[in-house]
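Spelled out from the first residue to the last, the chains are:
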Amino acid sequence: MSEAYVTQADSMVVDAAERVFKDLADPQTIIQAGQANWKTPLWQALEEMGLPQAWIPEALGGLGLSLSEGFAVVRASGRAALAVPLVDTLAASWIAGQAGLSLPSGAATVVIAGNHAQVHFDGHNKFSLRARNVPYASEVQTIVVVSHDHGGTRVDVVAASDCQMSNGRNLAGDASDGVCIEAVSGTWAKAPSLSVDQALYVLATCRSLQIAGALEEILDMSVAYAKERVAFEKPIAKFQAVQQNLARLGGEVAAAVAVAESAADALAQPNMPAAELLLEVASAKLRCGEAAETAAAISHQVLGAIGFTEEHILHRYTLRALAWRDEFGSESAWAKRLGEWVSQGSSIDLQRLLSAR
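Keep in mind that what you see is a predicted model, and the values were worked out from it rather than measured. (Residues numbered from 1 in each chain as written. Predicted model: local features only at pLDDT ≥ 70, side-chain atom pairs only at ≥ 80, totals over all residues. Heavy atoms only, no water.)

A look at the overall build of the protein
What the protein contains, in helices and strands, is eleven helices and ten strands. In terms of C-alpha radius of gyration, the protein reaches 20 Å, essentially the compact-globule figure of 21 Å for 357 residues. Overall, the protein is about 75 × 50 × 35 Å in size when its C-alpha atoms are taken along their principal axes. Per-residue burial over the protein gives 54% buried out of 357 residues. Just so you have it, the protein exposes about 15900 Å², and 52% of that area is on carbon and sulfur atoms. Computing the positive centroid from 26 side-chain charges and the negative centroid from 39, the protein places the two 4 Å apart. (Helix = DSSP H or I, 4+ residues; strand = E, 2+ residues; numbered from the N terminus. Rg over C-alpha atoms; globule rule 2.2 N^0.38 Å. Buried < 20%, exposed > 50% of the residue type's maximum accessible area, 1.4 Å probe, protein only. Areas by Shrake-Rupley, 256 points an atom, 1.4 Å probe, with all protein chains shown as cover. Lys, Arg positive; Asp, Glu negative; His and termini not counted. Charge placed at Lys NZ, Arg CZ, Asp CG, Glu CD.)

Written out as C-alpha cells, the structure is:
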C-alpha cells in the first residue's frame, strides 16, 4: 500500500465528513427516530460541503479531489453505515466528468451495462434500458448509464423522472430498484479515456472500501462489548473462545482493509495495466465479501441476541456490509471473471506489482 494514499488533504476532508456523519447520521439516533426524515438535513449538509461533487474539477464547480482523496471519504462513509447515495453520486459525477458532462444538482446513481442491465440504441441517439437492483434509483434525481457503443464507451445522463421504477430493497432495507427507460433521448457523450470496465472497477472498489469501513466499526463494537459484558463474574473477553473469535474477526477486518486500500491505490495510479487492475479489484471485492460474512457471524455471536434487535446498531453495519458485497458484482460474478482471465493464460509481473505496494 502506498503511503501516498493518506495525505493531509485526505485527513481534512475525511475529518469534516465524519463530523457531518456523526452529527446527522448517527446510527443510534436513526434507529430511535424510526423514520427516514434524517436524510434531508444530512444531504443538505453534504451538498453544502460539496462532497457529492468532490471528484469534479474545481473549474467545473467541484472540490477537485483526487481519486485517493475521494476513496478516503468512501471508506469513512462505510464506518458510518451511511444509507444515502453519497458514494454513488461521487462515482456518477466522476464518470460523467470523464465524458465531459456535468450533472444536475441532487443525488445520482450509476448503471453499468452488463448482466443486470441491458442497453439498446435505436440509431437516433435514443436508447432503452432494462436494469435491476440499481442502488437508490428511486431516491435520486439523476441516473448515469455507462455502456459500450460502436467500440467506445458511451455515458448517458438521464433524469430519474423519465424512468419507470419497480421499487425494491436490498438486504439492509435500502432502495435497490428496477429501472426501465423507453426510447429516451437524454444528454450523452463518448468517454474516450474511460472503459466500461474502468467505471465498474471504481464502483466495485467503492463498495469494497465501504465494506472495509463497516467492518472496522463492527470490530470496535465487538471488542468493546466483550470487555463490558460480564458472565460468571468476569468479562467475556477473558474467555479463550471469545478471544479466539475476536482474533479471527480482527484478521478478517485487517485483510478487508488491506485489499480494499490496495485496489483503491491501484485505481489512483495512472497507466496501471488492465490485467493488474482486474486482479486488484476482483481480489478486493471477493475478499471483502468473504470478510463481511465472517464478521457478521462472529460479531452477532459475541453480542448474542442483543445484536439482532432493532434497537441495537450492530445490524445496521452487518446488513449493509452483506448488501454491499452483492452490488456492482457479487462474489461469484467476480470469481467467474477472475477465473476466465486466468484460464485465458493472462499473466502479470507479480514481483513488480508487489514491489509497487
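Thoughts on the pattern of salt bridges
Applying the stated criterion across every chain, the model contains 17 salt bridges. A salt bridge links Arg337 to Asp197; the nearest nitrogen and oxygen atoms lie 2.4 Å apart. With Arg337 in helix H10 (residues 331-343) and Asp197 in helix H6 (residues 196-228), the pair connects residues that are 140 residues apart, well separated along the chain. Note that Arg287 and Glu290 form a salt bridge whose closest N and O atoms lie 3.8 Å from each other. Placement of the pair is Arg287 and Glu290 together in helix H8 (residues 274-303), with a separation of three residues, close to one helical turn. (Salt bridge = Lys/Arg side-chain N within 4 Å of Asp/Glu carboxyl O.)

Looking at the side chain of Asp149
Position of Asp149 among the secondary structure elements: in strand E4 (residues 142-149). Taking the relative accessible area as the measure of exposure, Asp149 reaches 9% and is therefore buried. With near-sequence residues (within four places) excluded, Asp149 lies in contact with Phe121, Arg154 and Lys190. (Contact = heavy atoms within 4.5 Å.)

Quick look at the nonpolar core
One finds Leu46, Trp55, Ile95, Leu129, Leu215 and Trp334 to be the most contacted residues of the largest nonpolar core, which totals 122 residues. Sorting elements by how many residues they give to this core places H6 first, with 18 residues. If we ignore the near neighbours within four places in the chain, the residues touching Leu129 are Val111, Ala117, Gln118, Val119, Val145, Val179, Cys180 and Ile181. (Core = buried A, V, L, I, M, F, W, Y, C linked by side-chain atoms within 4.5 Å.)

Focus on the sheet that holds strand E3 (residues 127-135)
Taken together, the four strands give an open sheet; going across it, the order is E2-E3-E7-E6, and neighbouring strands pair in antiparallel fashion. With partners counted over all chains shown, the strands left at the sheet margins are strand E2 (117-121) and strand E6 (164-166), one partner each. Averaged over all neighbouring strand pairs, the angle between strand axes comes to 15 degrees, with direction disregarded. Pairing geometry for E2 and E3, over five bridges, is antiparallel. When the sheet's bridge partners are listed, Phe121 is paired in E3 with Phe127. (Pairing = 2+ DSSP bridges. Axes fitted to C-alpha atoms, helices over the stretch in contact; angles between N-to-C directions.)

Comments concerning the sheet that holds E4
Whether parallel or antiparallel, the strands of a sheet pair through hydrogen bonds between backbone atoms. In spatial order, the strands read E1-E4-E5-E8; together these four strands make up an open sheet with mixed pairing. If you trace the sheet from one side to the other, it starts and ends with strand E1 (108-112) and strand E8 (187-190), each paired once. Strand-to-strand twist of the sheet, defined as the mean angle between neighbouring strand axes without regard to direction, takes the value 20 degrees. The pairing of E1 with E4 spans five bridges and is classified as parallel. From the neighbouring strand, Thr109 faces E4, where its bridge partner is Ile143. Strands E1, E4 and strand E5 (152-159) of the sheet are contacted by helix H5 (residues 86-98), whose axis makes an angle of about 65 degrees with E1. Seen against the sheet, H6 touches E1, E4 and E5 and runs at an angle of roughly 130 degrees to E1.

Points about the layout of surface pockets
Each pocket or cavity is described by its volume, and for the largest pocket that value is around 800 Å³. Lining the largest pocket we find 32 residues, and of these Asn115, His116, Leu200, Phe328 and Gly329 sit closest to its centre. Sorting the residues of the lining of the largest pocket by element identifies E1, E3, H6 and H10 as the ones contributing at least two each. In the lining of the largest pocket, the residues fall into 15 nonpolar, nine polar and eight charged. Looking at the second largest pocket, its volume works out to about 330 Å³. Along the wall of the second largest pocket there are 18 residues; nearest its centre are Ile30, Trp38, Ala172, Arg316 and Arg320. When contributions to the lining of the second largest pocket are tallied by element, the ones reaching two or more residues are helix H2 (27-33) and helix H9 (314-324). The dominant element in the lining of the second largest pocket, judged by the number of residues it contributes, is H9, at four residues. Among the residues forming the lining of the second largest pocket, the class breakdown is seven nonpolar, four polar and seven charged. (1 Å grid on protein atoms, 1.4 Å probe; cavity = no way out; pocket = protein on both sides within 12 Å on 5 of 7 lines; lining within 4 Å. Points joined across faces, edges and corners; volume = space filled by probe spheres on them. Nonpolar A, V, L, I, M, F, W, Y, C, P; charged D, E, K, R; others polar.)

Just distances and angles here, no functional claims.
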